Amino acid sequence: MTKIDESYFDRIMTVIILIVLIVFSFLLLRPILLSILFGLLLAFIFNPLYSWLSKKIKSKNLSASIMLVLLLLMIILPVWFLTPILIEQSFKIFQSTLQIDFVTPLKNLFPTFFASEQFTTQISSVVSSFTIKTANSITNSFTNILLNLPAISLHILVVLFTFFFALRDRDELSDYIKSLLPFPKDVENKLFRYSSEITKAVVYGTVLIGILQGFVAGAGFFLFSIPNALFLTLLAVVAGVLPVIGTAIIWVPVFIFMLIAGNNLGAWGVFAFGMASSWIDNILRPLFISKMTKIHSGIVLISMIGGAFFFGILGFVIGPLVVAYLLIILELYRKKPIPGLVMK
């Protein structure tokens with residue numbers, strides 16, 4: 001075998017070994033990949049505060065430790081104080097639902113359909129079965145959380161470790177990623193600058209606008225004295241952060257519930273605030289993200305949905321980031337904007 005053949009063989013073997021190691025590393029990290037990504041996103045969100053703190057303290061370890069304690073407090077305190085309230089109010093909602101007669105208002109609205117006593121009995125049975133199954137589903141969810149507590153704890157530990165080291169070693173991590181990129185220095189700088197802007201737009205746009213629309217829907221619950229308004233508001237905030245789903249999954253059932261209960265003022269009040277909340281979700285979120293990322297709003301929405309199917313809940317944030325990074329690289333490669341997709 002000649003020296004050229006040996007050199008070619010060595011390169012082929014190196015590439016094969018590298019690919020095998022990459023595949024095995026991915027399979028090894030796959031169960032905790034979302035936890036790692038979530039930790040990185042949290043580090044990005046808290047990075048401005050960490051930067052300010054590290055300038056004051058002059059110690060990376062201490063600054064990152066303080067940020068870790070702050071994050072833990074932001075997680076533990078709401079869980080500690082709100083969990084008993086949420087459990088209590090969820091059981092109250094379930095008990096109230098069991099006591100409401102859903103069939104009589106439907107008979108008054110659609111007397112022709114409910115002329116048959118047999119049909120009325122069947123509808124009543126369906127509604128009762130649906131209520132019981134929903135309650136059992138909620139109960140099973142709480143049970144699964146308790147049963148999976150060890151695994152959940154490990155995922156939380158991965159998130160916290162990733163968060164700490166991503167903050168403390170951000171400069172080293174950035175330099176290492178730059179060393180792997182096959183781009184010139186000016187292209188690397190553009191890529192990192194655009195990436196930072198896009199990540200800010202997607203993360204802050206998704207989270208802040210979602211929280212805003214959740215509070216708008218919650219304002220309707222409080223103003224019109226809807227029972228268990230705090231519990232419903234928290235659910236609306238969580239649903240608001242999730243694009244496509246939105247707060248409608250919370251306020252629409254409340255609207256129907258209040259109509260059936262005979263509280264027309266409360267029902268239409270919730271409807272008005274709910275529509276305002278949905279308007280924020282459907283109009284402001286895509287416009288905000290697309291304007292700041294300079295990517296077409298349709299691309300943003302599709303990437304959110306695709307990300308949700310692939311990554312789960314976290315995919316609502318990761319999906320637009322992946323597509324945005326792809327478009328950035330294509331734009332830098334072409335050395336001109338992509339017409340119709342990347343807007344200038």
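Reading the values: rules and limits
Residues numbered from 1 in each chain as written. Predicted model: local features only at pLDDT ≥ 70, side-chain atom pairs only at ≥ 80, totals over all residues. Heavy atoms only, no water. Helix = DSSP H or I, 4+ residues; strand = E, 2+ residues; numbered from the N terminus. Buried < 20%, exposed > 50% of the residue type's maximum accessible area, 1.4 Å probe, protein only. Contact = heavy atoms within 4.5 Å. Areas by Shrake-Rupley, 256 points an atom, 1.4 Å probe, with all protein chains shown as cover. Bend = angle between axes of the 7 residues up to and from the residue. Axes fitted to C-alpha atoms, helices over the stretch in contact; angles between N-to-C directions. Parallel < 35°, antiparallel > 145°, perpendicular 65-115°, else oblique. Nonpolar A, V, L, I, M, F, W, Y, C, P; charged D, E, K, R; others polar. Phe/Tyr/Trp six-rings, centres within 6.5 Å; stacked < 30°, edge-to-face > 60°. pLDDT = per-residue confidence, 0-100. Left-handed = near helix turned anticlockwise from the far one by under 90°. Salt bridge = Lys/Arg side-chain N within 4 Å of Asp/Glu carboxyl O.

### Digging into the overall build of the protein
- Summing up its helical and strand segments, the protein has 13 helices and zero strands in all.
- N-terminal to C-terminal, the α/β element order of the protein is α-α-α-α-α-α-α-α-α-α-α-α-α.
- For the protein, the residues scored as buried account for 32% of the 344 residues in total.
- The long-range fraction of contacts in the protein, counting pairs at least 24 apart against all pairs at least 6 apart in sequence, stands at 67%.
- Element-wise, carbon and sulfur atoms account for 74% of the exposed surface of the protein, whose accessible area totals about 21,600 Å².

### Some words on unusual backbone geometry
- Here the phi dihedral of K58 falls at roughly 65°; this positive angle occurs in a residue that is not glycine.
- Take K58: it is sitting in the loop between helix 2 (33-57) and helix 3 (60-99).

### Some remarks on helix 2
- By the largest-angle criterion, N47 marks the main kink of helix 2, which is about 55°, and a proline, P48, follows within four residues.
- Residues S35, G39, L41, L42, A43, F46, Y50, S51, L53 and S54 constitute the buried set of helix 2.
- Looking one or two places after helix 2, you find K58, whose phi comes out positive at around 65°.

### Some thoughts on the side chain of S303
- By secondary structure assignment, the location of S303 is in helix 12 (residues 297-311).
- Taking the relative accessible area as the measure of exposure, S303 reaches 8% and is therefore buried.
- When neighbours within four sequence positions are excluded, S303 is seen to be in contact with G315, G319, P320 and V323.

### Regarding the packing of helix 9 (residues 229-241) against helix 10 (residues 248-261)
- Contact geometry of helix 9 with helix 10 gives a least axis separation of 8 Å together with a crossing angle of 140°. The orientation of helix 9 with respect to helix 10, classified from their angle, is oblique. Here helix 9 contributes L232, L235, A236 and A239 to the contact with helix 10, which in turn contributes I249, I250 and V254.
- Split into classes, the residues belonging to the contact of helix 9 with helix 10 amount to seven nonpolar, no polar and no charged.

### Focus on the packing of aromatic side chains
- According to the stated counting rule, one finds eight aromatic pairs in the structure shown.
- When the centroid spacing of 5.4 Å and the interplanar angle of 75° are considered together, the rings of W268 and F271 count as edge-to-face. Of this pair, W268 and F271 are both found in helix 11 (residues 264-293), three residues apart, which corresponds to roughly one turn of the helix.
- On the accessibility criterion, W268 (48% relative accessible area) is partly exposed.
- Through a chain of ring-to-ring contacts, three or more aromatic side chains come together here, namely W251, F255, W268 and F271.

### A few points about the confidence of the model for the protein
- Put simply, the protein has an average pLDDT of 77, and 73% of its residues get 70 or more.
- Averaged pLDDT values for the elements of the protein fall to 64 in helix 4 (residues 103-109) and rise to 88 in helix 6 (residues 149-168).

### A few points about the packing of helix 2 against helix 6
- Relative to each other, helix 2 and helix 6 sit at 40°, their axes nearing to 8 Å. Classed by the angle they form, the pair helix 2 and helix 6 counts as oblique. Where helix 2 crosses over helix 6, the two elements pack in a sense that is right-handed. In this structure, helix 2 uses S35, I36, F38, G39, L40, L42, A43, F46, N47 and Y50 to contact helix 6, whose residues at the interface are H155, V158, V159, T162, F163, A166, L167 and R168.
- Per-class residue counts for the contact of helix 2 with helix 6 are 12 nonpolar, five polar and one charged.

### A closer look at the pattern of salt bridges
- In the structure shown here, the tally under the stated rule is three salt bridges.
- Between K60 and E172 there is a salt bridge, with the nearest N and O atoms lying 3.8 Å from each other. Taken together, the positions of K60 in helix 3 and E172 in helix 7 (residues 170-180) put the pair 112 residues apart, joining distant regions of the chain.
- Given a relative accessible area of 39%, K60 falls into the partly exposed group.
- Via salt bridges that share partners, K60, D171 and E172 belong to a single interconnected network.

### A look at the environment of L232
- Within the secondary structure layout, L232 lies in helix 9.
- Here the alpha-carbon distance between L232 and I250, two residues 18 residues apart in the chain, equals 7.1 Å.

### A short note on the side chain of S35
- As for its position among the elements, S35 is in helix 2.
- Judged by relative accessible area, which is 9%, S35 ranks as buried.
- Beyond its immediate chain neighbours, meaning those up to four positions away, S35 contacts H155, V158 and V159.

### Topic: the environment of I280
- Inspection of the secondary structure assignment puts I280 in helix 11.
- Along the primary structure I280 and G210 are separated by 70 residues, whereas in three dimensions their C-alpha atoms are 8.5 Å apart.

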